[in-house]
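# Breakdown of the fold
This is what each chain is made of:
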Amino acid sequence: MTIAIACVLVACAIAVVTDLRARSIPNAVTIPLALAGTALAATHGIVPALASIAIVLATLVIGTFFFSMGWLGGGDVKLLAAGAGALGFHDTLPFLLYTSIGGGALALVVALATGSLRPVVASALAMARPFLYKGTVAPAAPATSIKLPYGVAIAFGALLVALSHTVAPFLSLRIPL
């Protein structure tokens, strides 16, 4: 396991605790992770450092869209961006994919636990409609939403990336160059 992966896992562990307690991921977790990720990438040269910065910025831009739709919190977006930047080019897409899978599973578990599976599925289908049928307008965020501790899903994504580098190489979805 690399130092970058260890940093992401530590940041995610802290984020899970704060997210479960206060539904918040503080900047004191995300900013040091982004800086550490860029610094670690810089030890391999200017190109990896610039790639790390580009990954953070691209993830922030895309994440801001999800934030504006009410699908993610600001701390979630910042942790995703910092984690992706720290993991680097090869592990960013697997990290985001595994995080999405973890988020879907988390949403189902919370919906089942709160007895709100039917409205959650209806909202998910309504949000997917514009992607499935051209000319359909995207709906606004649901009037009643469940606040998920998405830091848990982000930690799930980071953990699967870490496992793909160690005991579970079959999880590796790394982009070859």
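Quantities reported herein were computed from a predicted structural model and do not represent experimental measurements.

We now examine unusual backbone geometry. Of note in this structure, Arg23 is not a glycine but carries a positive phi near 55°. Its location among the elements puts Arg23 in the loop between helix H1 (3-22) and helix H2 (27-42). Since its relative accessible area comes to 44%, Arg23 is described here as partly exposed.

A cluster of nonpolar side chains, contributed by Ile46, Val47, Leu50, Ile53 and Leu57, occupies part of the molecular surface with about 500 Å² of accessible area. Of note, Ile46 is situated in helix H3 (residues 46-68). Residue Ile46 is classed as exposed on the basis of its relative accessible area, which comes to 58%.

Bringing the environment of Val29 into the picture now. You can see Val29 is positioned in helix H2. Accessibility expressed as a relative area gives 8% for Val29, which makes it buried. Separated by eleven residues in sequence, Val29 and Thr18 have C-alpha atoms that sit 9.8 Å apart. Not counting the four nearest positions on each side in its chain, Val29 is found in contact with Ala11, Ile14 and Ala15.

Another point: the packing of H1 against helix H7 (residues 151-165). Packing of H1 against H7 brings their axes to within 9 Å, and their N-to-C directions diverge by 155°. Judged by the angle between their axes, H1 and H7 are roughly antiparallel. Crossing geometry of H1 relative to H7 is assigned as left-handed. From H1, Ile5, Val8, Leu9, Cys12, Val16, Asp19 and Leu20 reach across to H7, where they touch Gly151, Val152, Ile154, Ala155, Ala158, Leu159, Ala162 and His165.

Before going further, it helps to spend a moment on the environment of Pro26. Structurally, Pro26 is set in the loop between H1 and H2. The spacing of Pro26 and Leu79 is 53 residues in sequence and 9.1 Å in space, taken between C-alpha atoms.

Enumeration over the complete set of coordinates arrives at three aromatic pairs. Measuring from ring centre to ring centre gives 5.5 Å for Phe65 and Phe66, while their planes differ by 65°; the resulting arrangement is edge-to-face. When its relative accessible area of 42% is taken as the criterion, Phe65 is described as partly exposed. Residue Phe66 is classed as partly exposed on the basis of its relative accessible area, which comes to 29%. An aromatic cluster is built from Phe65, Phe66 and Trp71, whose rings are joined through pairwise contacts.

Looking now at the nonpolar core. Counting residues in hydrophobic clusters, the biggest one holds 30 residues, and the most contacted among them are Val8, Cys12, Leu33, Leu79, Leu87, Phe95 and Ile154. Put simply, the parts of the chain that give this core at least two residues each are H1, H2, helix H4 (74-87), helix H5 (89-114) and H7. Not counting residues up to four positions away in its chain, the partners in contact with Cys12 are Leu79, Ile154, Ala155 and Ala158.

The rules we used
- Residues numbered from 1 in each chain as written.
- Predicted model: local features only at pLDDT ≥ 70, side-chain atom pairs only at ≥ 80, totals over all residues.
- Heavy atoms only, no water.
- Helix = DSSP H or I, 4+ residues; strand = E, 2+ residues; numbered from the N terminus.
- Buried < 20%, exposed > 50% of the residue type's maximum accessible area, 1.4 Å probe, protein only.
- Patch = residues over 30% accessible without salt bridge, like charges linked within 9 Å, V, L, I, M, F, W, Y side chains within 5 Å.
- Areas by Shrake-Rupley, 256 points an atom, 1.4 Å probe, with all protein chains shown as cover.
- Salt bridge = Lys/Arg side-chain N within 4 Å of Asp/Glu carboxyl O.
- Contact = heavy atoms within 4.5 Å.
- Axes fitted to C-alpha atoms, helices over the stretch in contact; angles between N-to-C directions.
- Parallel < 35°, antiparallel > 145°, perpendicular 65-115°, else oblique.
- Left-handed = near helix turned anticlockwise from the far one by under 90°.
- Phe/Tyr/Trp six-rings, centres within 6.5 Å; stacked < 30°, edge-to-face > 60°.
- Core = buried A, V, L, I, M, F, W, Y, C linked by side-chain atoms within 4.5 Å.

The values are spatial; any link to function lies outside them.
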